[in-house]
Structures are given as structure tokens and as C-alpha cells.
Amino acid sequence: MQATPQGRRGKPKTMKAKTHPDYHTIKVVMTDGTEFETRTTWGKAGDTLRLDIDPKSHPAWTGGQQHLVDRGGRLSRFQKKFSGFLKK
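Let us look at the structure shown here.

## Description of the overall build of the protein chain
And then number 1: Per the secondary structure count, the protein chain includes 2 helices and 3 strands.
And then number 2: The N-to-C order of helical and strand elements in the protein chain reads β-β-β-α-α.
And then number 3: Residues counted as buried form 8% of the 88 residues belonging to the protein chain.
And then number 4: Sequence-distant contacts, at least 24 apart, represent 7% of the contacts inside the protein chain between residues at least 6 apart.
And then number 5: As presented, the protein chain carries roughly 8600 Å² of accessible surface, and 54% of it is formed by carbon and sulfur atoms.

Structural data, given as C-alpha cells:
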């Protein structure tokens with residue numbers, strides 16, 4: 001015999017209807033044109049998500065081969081302040 005979850009007053013607990021968003025499959029297109037399918041709550045079923053930035057092109061994932069633009073000396077001040085932070 002399987003037990004039914006009981007609430008405070010002995011009434012069976014039930015889940016509320018329509019509390020979770022629709023979970024469906026979409027196509028994701030990377031910046032280099034490669035595609036894959038994933039499940040998500042974004043958009044509608046069958047939609048296509050085209051990425052402007054992805055792990056293949058963003059410096060956060062590629063190791064920073066791209067040059068950063070120094071605006072108002074902020075980058076140089078940051079580099080000077082934290083240049084030896086993780087060095088042994």
C-alpha cells in the first residue's frame with residue numbers, strides 16, 4: 001500500500017495546475033554556424049536561438065586572445081593593481 005502525502009488537516013496534497021512554464025525543444029545556432037538542439041523554457045517549441053557570443057569566440061572561454069579596449073585608463077589601473085594577485 002502506497003501512502004498519499006497528507007496536508008496539515010489530513011487532506012491529500014495536490015500540485016497546482018499551470019505553475020511551471022512549458023519545457024520544449026529549440027535549435028541553437030552558434031556564431032560559427034554549428035547547430036544543436038536543446039530543451040528549454042525560452043521561446044516556443046521549434047524556435048531558433050542565434051548566439052552573438054559563445055564559448056568558441058568569447059575571451060572569457062578562449063583565454064583572452066582578443067585585445068581589450070582601455071577606456072579612461074580603467075583597464076591599465078586594474079592590471080596595475082592586480083598584476084601579481086595569483087602569481088606564485
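On we go.
## A few points about the side chain of Asp54
And then number 1: Mapped onto the elements, Asp54 comes out in the loop between β3 (48-50) and α1 (59-62).
And then number 2: Within the structure, Asp54 has its side chain in polar contact with the backbone nitrogen of Thr31 (distance 2.8 Å).
And then number 3: Aside from chain neighbours lying at most four places away, what touches Asp54 is Met30, Thr31, Asp32 and Trp61.

## Comments concerning the packing of aromatic side chains
And then number 1: One pass over the full model with this rule turns up 1 aromatic pair.
And then number 2: Ring geometry for Phe78 and Phe82: centres 4.9 Å apart, planes at 45°, overall tilted. Pair noted here: Phe78 and Phe82 are both in helix α2 (residues 74-82), with a separation of 4 residues, about one helical turn.
And then number 3: Overall, the relative accessible area of 38% leaves Phe82 in the partly exposed class.

Definitions and limits used
- Residues numbered from 1 in each chain as written.
- Predicted model: local features only at pLDDT ≥ 70, side-chain atom pairs only at ≥ 80, totals over all residues.
- Heavy atoms only, no water.
- Helix = DSSP H or I, 4+ residues; strand = E, 2+ residues; numbered from the N terminus.
- Buried < 20%, exposed > 50% of the residue type's maximum accessible area, 1.4 Å probe, protein only.
- Contact = heavy atoms within 4.5 Å.
- Areas by Shrake-Rupley, 256 points an atom, 1.4 Å probe, with all protein chains shown as cover.
- Polar contact = N/O pair within 3.5 Å; in protein donor to acceptor, adjacent residues only side chain to side chain.
- Phe/Tyr/Trp six-rings, centres within 6.5 Å; stacked < 30°, edge-to-face > 60°.

Keep in mind that these numbers describe shape and distance, not what the molecule does.
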